[in-house]
Amino acid sequence: MKKYIVIGLLIILILSLSSCIKSVKVKTKPKLGVPVAATTMSLNDFVNLEDNIKSILPEAEIISLDGTKTIHYATGLTVDLSQSFKKFDAFSTSVYQELTIPEIDDIDPISVDIPSIPSIDPISVDVPDFNFTPQNINVSVPNINPANVNPDVTVGEIDVETAGVQLPTITLSIPVLGNTNDGTSTKATIDANGTFSKLTFSTGSLTLDVSNNDDGATVEVDGIIENTDNTFLSSNILTLNSNSSGILSFDLTDKSISDSATITLRATITSDSGDGSNNLIADKLNFSSGTKIKSAEGIKFTTAKSISQNIDPNMGTTDFSTITIDGTFNINIDLPIEWSNVKTEFEATILYNYGSKSIVLANKSFTTSDNLSFLSKSLPPNGTFEFTIDSTFTNTDNEKANIDFTKSPTITVIPEISIKSIDGISLNNTQNIDLPDDIKSVILNGGEITISITDTEVSSINANFEYFNGTNVVKKSFIISNGNAILDMDGLTLTGEGTKDATITINSISLNFGSSGLSVDNITAKVDLTEPAISNVELKTTIKQSISIPNNIENVKFKSGNLNASLNTGSFTNITGVLDTGFENIDLTTKDGTINVDLTGKMLSGTKDATLNISEMSLDFTSNPLSFGNTLSVSPTLDNLKISEATITNNINQSVNLPDNIKKVIFGSGSIEITLDDVKFTSINGTLTYDSTETALTISPEGTALIDLTNLELGSLVLIFLSIKLE
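As the structure is a prediction and not an experimental result, all values here were calculated from the model.

Enquirer: So what exactly am I meant to see when it comes to the overall build of the protein here?
Expert: Regarding its fold elements, the protein presents two helices and 59 strands. At a minimum sequence separation of 6, the contacts of the protein that also span at least 24 residues come to 82%. When the accessible area of the protein is evaluated, it comes to approximately 34,700 Å², of which 42% is carbon and sulfur surface.

Enquirer: I'm lost on the pattern of salt bridges in this one. Help?
Expert: Think of it this way: side chains of opposite charge can pair up when their charged atoms draw near. Under the definition given, this model contains eleven salt bridges. Across the pair Lys420 and Asp326 runs a salt bridge, and its minimum N-O distance is 3.9 Å. Of this pair, Lys420 sits in strand E31 (residues 410-433) while Asp326 sits in strand E25 (residues 322-334); the two residues are 94 residues apart in sequence, bridging distant segments of the chain. Here Lys420 and Asp326 have matching classes, each one buried. Measuring nitrogen to oxygen at the nearest pair gives 3.7 Å for the salt bridge that ties Glu466 to Lys475. Residue class for Glu466 comes out partly exposed when judged on its relative accessible area of 31%. Here the salt bridges share partners, and the residues they tie into one network are Lys440, Glu538 and Glu616.

Enquirer: For this particular structure, what's the right way to read unusual backbone geometry?
Expert: Negative phi characterises most residues that are not glycine, and trans characterises most peptide bonds. Positive phi values are uncommon outside glycine, yet Asn193 reaches one of about 55 degrees. Relative to the assigned elements, Asn193 resides in the loop between strand E13 (183-190) and strand E14 (198-203).

Enquirer: It is not clear to me how the confidence of the model for the protein should be interpreted in this structure. Could you clarify?
Expert: Close inspection of predicted coordinates is inappropriate for parts of the model with low pLDDT. Looking at the protein, pLDDT values average 81 and 79% of them are 70 or higher. Considering each helix and strand of the protein separately, the mean pLDDT is smallest for strand E2 (residues 9-14), with a value of 25, and largest for strand E27 (residues 357-366), with 96. With pLDDT under 50 throughout, residues 74-99 is counted as low confidence; its partners more than four residues away or in other chains account for 40 contacts.

Enquirer: When you look at the environment of Leu539 in this model, what are you seeing that I'm missing?
Expert: As for its position among the elements, Leu539 is in strand E41 (residues 533-547). C-alpha separation for the pair Leu539 and Leu619, spaced 80 residues apart in sequence, amounts to 8.1 Å. In this structure Leu539 touches Val125, Pro128, Asp438, Ile439, Ser615, Glu616, Met617 and Leu619, once residues within four positions along its chain are discounted.

Enquirer: Just to check I follow, could you spell out the pairing of strand E35 (residues 473-477) for this structure?
Expert: The side chains of a regular strand alternate, first on one face of the sheet and then on the other. Where strand E34 (residues 457-468) and E35 come together, five bridges link them in antiparallel fashion. Residue pairing across strands places Asn464 opposite Ser477, the latter belonging to E35. Linking two consecutive strands that pair antiparallel, namely E34 and E35, is a turn of four residues; a positive phi of about 100 degrees is found at Gly470 within it.

Enquirer: It is not clear to me how the nonpolar core should be interpreted in this structure. Could you clarify?
Expert: Note on soluble globular proteins: their nonpolar side chains tend to be buried together. Of all hydrophobic cores here, the largest spans 153 residues; its most connected members are Val221, Ile293, Phe385, Phe465 and Leu579. If one sorts the elements of this core by residue count, E31 sits on top with eight residues.

Enquirer: Would you mind going over the sheet that holds E31 with me for this structure?
Expert: Sheet strands associate in pairs through backbone hydrogen bonding, adopting either a parallel or an antiparallel arrangement. Reading across from one edge, E28-E25-E31-E39-E34-E35 is the order of the six strands in this open sheet, with antiparallel pairing throughout. Bordering the open sheet on either side are strand E28 (370-379) and E35, each of which pairs with just one other strand. The average undirected angle you get between the axes of adjacent strands in this sheet is 15 degrees. One ladder, built from eight bridges, connects E25 with E28; its direction is antiparallel. Bridge assignment links Asn330 to a residue of E28, and that residue is Asn371.

Enquirer: Is there a simple way to explain the sheet that holds E27 in this structure?
Expert: Strand order in the open sheet formed by four strands is E24-E29-E26-E27, with antiparallel pairing between adjacent strands. Whereas interior strands pair on both sides, the edge strands pair on one side only; in this sheet they are strand E24 (302-311) and E27. Shown here is a sheet whose adjacent strand axes are inclined to one another by a mean of 15 degrees, direction ignored.

Enquirer: What is the right way to look at the side chain of Ser205 in this model?
Expert: Tracing the backbone shows Ser205 in strand E15 (residues 205-212). When sequence neighbours within four positions are dropped, the list of residues in contact with Ser205 reads Ser249, Phe250, Asp251, Leu252, Asn286, Phe287, Ser288 and Thr291.

Enquirer: I'm lost on the packing of aromatic side chains in this one. Help?
Expert: For any pair of aromatic rings, geometry is given as the distance between the ring centres together with the angle between the planes. Overall, the coordinates contain eleven aromatic pairs when judged by the stated rule. On the numbers, 5.2 Å between centres and 85 degrees between planes, the contact of Trp339 with Phe393 is edge-to-face. Of this pair, Trp339 sits in the loop between E25 and strand E26 (342-354) while Phe393 sits in strand E29 (residues 384-395); the two residues are 54 residues apart in sequence, bridging distant segments of the chain. Classification of Trp339 by relative accessible area gives buried; the value is 8%. Each residue in the set Phe329, Tyr352, Tyr354, Phe374 and Phe385 is aromatic and connected to the rest through ring pairs, giving one cluster.

Enquirer: Just checking my understanding: could you explain the pairing of strand E9 (residues 123-126) for this structure?
Expert: Alternating residues of E9 divide into Ile123 and Val125, all buried, and Ser124 and Asp126, none buried. One ladder, built from four bridges, connects E9 with strand E50 (residues 631-648); its direction is antiparallel. Along E50, the bridge assignment pairs Ile123 with Val634.

Enquirer: What am I meant to see in the environment of Asp580 here?
Expert: In this fold, Asp580 is placed in strand E43 (residues 571-580). Its relative accessible area of 28% is what places Asp580 among the partly exposed residues. Separated by 28 residues in sequence, Asp580 and Lys608 have C-alpha atoms that sit 9.9 Å apart. At a separation of 3.0 Å, a polar atom in the side chain of Asp580 contacts the main-chain amide nitrogen of Gly582.

Enquirer: What should I look at first to understand the environment of Ile439 in this one?
Expert: Structurally, the position occupied by Ile439 is in strand E32 (residues 439-445). Considered as a pair, Ile439 and Glu497 are 58 residues apart in the sequence and their alpha carbons are 7.2 Å apart.

Enquirer: I'm lost on the side chain of Thr569 in this one. Help?
Expert: By the element assignment, Thr569 lies in the loop between strand E42 (553-567) and E43. Sequence-distant contacts of Thr569, that is, excluding residues within four places in its chain, are made with Phe621, Asn624, Leu626 and Leu632.

Scoring rules and cut-offs
- Just so you know, the residues in each chain are numbered from 1, in the order the chain's sequence is written.
- Totals for whole chains, interfaces and linings use every residue, but because this is a predicted model, local features are given only for residues with pLDDT of at least 70 and side-chain atom pairs only at 80 or more, for both listing and counting.
- Only heavy atoms go into the side-chain values, all of them from the structure, while hydrogens and water stay out.
- Numbering goes from the N terminus for both helices and strands, where a helix is a DSSP run of H or I of at least four residues and a strand is a run of E of at least two.
- Any two residues whose heavy atoms approach within 4.5 Å at even a single point are treated as in contact.
- Only the protein chains shown count as covering a residue, and every accessible area follows the Shrake-Rupley method with a 1.4 Å probe.
- Salt bridge, as applied in this entry: a Lys or Arg side-chain nitrogen positioned within 4 Å of an Asp or Glu carboxyl oxygen.
- Residue exposure (1.4 Å probe, protein chains only): buried if accessible area is under 20% of the type maximum, exposed if over 50%, otherwise partly exposed.
- In predicted models, pLDDT denotes the confidence assigned by the predictor to each residue on a 0 to 100 scale.
- In this analysis, strands are considered paired if DSSP registers two or more bridges between them.
- Put simply, a nonpolar core is a bunch of buried Ala, Val, Leu, Ile, Met, Phe, Trp, Tyr and Cys residues held in one set by side-chain atoms that sit within 4.5 Å of each other.
- Here, axes are lines fitted to C-alpha atoms. For helices the fit covers the stretch in contact, and angles between N-to-C directions go from 0 to 180 degrees.
- Stacked, tilted and edge-to-face pairs are distinguished by plane angle, under 30 degrees for stacked and over 60 for edge-to-face with tilted covering the rest, among Phe, Tyr and Trp rings (Trp via its six-membered ring) whose centres lie within 6.5 Å.
- Any N or O atom pair separated by 3.5 Å or less is treated as a polar contact, with the protein-specific requirement of one donor-capable and one acceptor-capable atom, and with residues adjacent in sequence counted only for side-chain atom pairs.

And the structure:
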């Protein structure tokens, strides 16, 4: 009859792989068959039962027969029922006794460390700077600064006719009487009839017609004019034959004639004789043509002088369209000290001449020093001022003037010009913006370029911002706001792939200098950049990020899960790149603003790390615009991973300690079973080793790992060696 001693053996293995593997269990139900005869029960040395048997059957004898220990006891043997005998049959030849065999303790759980996939390091993405430093512009302006001028309004010598001088009608008569060398004279007074007191001449002569009416005598004639100041003028000597005539001339060059001067005619017979019946007649006192008076006393006169003089505005070489000015031409007039009782009248005009055209700036009549003013006159370039003055000089009313016509009034013209505005100042200034090439495109948020000038208002500007938006070349103009030229950059799309990604061209500028006007020759237009932020950007970049898989994970295939990567600010709208698993390249996609890779059915390996490769990324910062020059952080994570298959190498050594009083045991049946929750083994490499015997693990149809214990001999020290591969 056989007794069955049930020995329970439990091995618990806990494995964890990315929260998918729950546990490993090792189960067995080994049986040890021990035969018991009627009077003899033979045991091998597997179980040390001798002490237990003797304690229960103190009268039994244990002997060794052929190396086998044998228990001898007699029928009717007295047995202490308190020592666990179940039944005693006095009439039987056998005693049925349940023997308590020490249980094999539970095997300590085997701890299997399944490596986890470590977290992926964050990726730093440097956003390039907005690489533009605006340059101030030197504006050369036409600072109109005409010099003072002194026009010459010298009247100069005037014709006697112009002066209104009147000579009296004079007739001088001398009888031709006598012989050779006989002479006589006659005189008369030059009455100016109030037209002058004294005249001084620069050129010319006073003439007197003389006739010899005698039939025989030749007469020599001359004349003398004696002024009231006892100065004299002498004429030429004229020889007149009988019945002939001539002109007696008094040279007036630098000579003077006074009112009431005496003119004396002298005649001398130089041949033959005269009886006195015929006379020598002198008349028609006149000034020769071209006789000019250079000064006069006590004269009544009227004369005029017109002069015109150009005045260089000294605008320089600046190219502009028009310049608007206020101005005053101060005219100071001083009469010569030699002039008295002279009345003056002036009419002055200021013109601006350009090409064949003229602009009248001011016109005014005056009698003494005055000024000509004008406001807001717009002038084209390359012209000149012209100062014209018409002067009239006469004696004062009811007075006679003393005047030296060779002396000029001193006229000083002092221009005072204030530039109020200049239109169309040519600048031809170009400034380029070159974005880094790794900015494929960027949509700007805010930002502006401002052109301003201290104490000066920019009234208009011909300037534009030319850029390529990825499709077309676009021009955007500056606008005028609060006296500044402003380019609004908000919403512009720029690219960084060209040599010149954007160009600021400032062709010309118009300036208003206010009430104070322009006071310098050069001004500085300050160009300021208010740097924009980024709403959206498409970056070309080279990012390689390894995803390290532990080496003892030979490969793992995911049932589900994702690789996600998010920004610390902003979101992804598009991505160009792959996840190189070592087995395949998986295209990166975006989802809800993050990089997303579906790992379902995808394989990774610890022998060849996966690599995240990114070549381009499109980022959206609309809700929170990003500054240029910032550094972004991309945080990749492996989320919700579930494993469908895995090949994991893990060497495990585990002792199986039998109770001390069990030296050996042979199992009749049973197994050690290793189970994983929700996971099946597809292969495993492991052994159960006792002494020199190694028993291999196998895989059951249910996907558990088994060690078959049937007929397996174990002793007090058993080792389980496992090299586990989970698939």
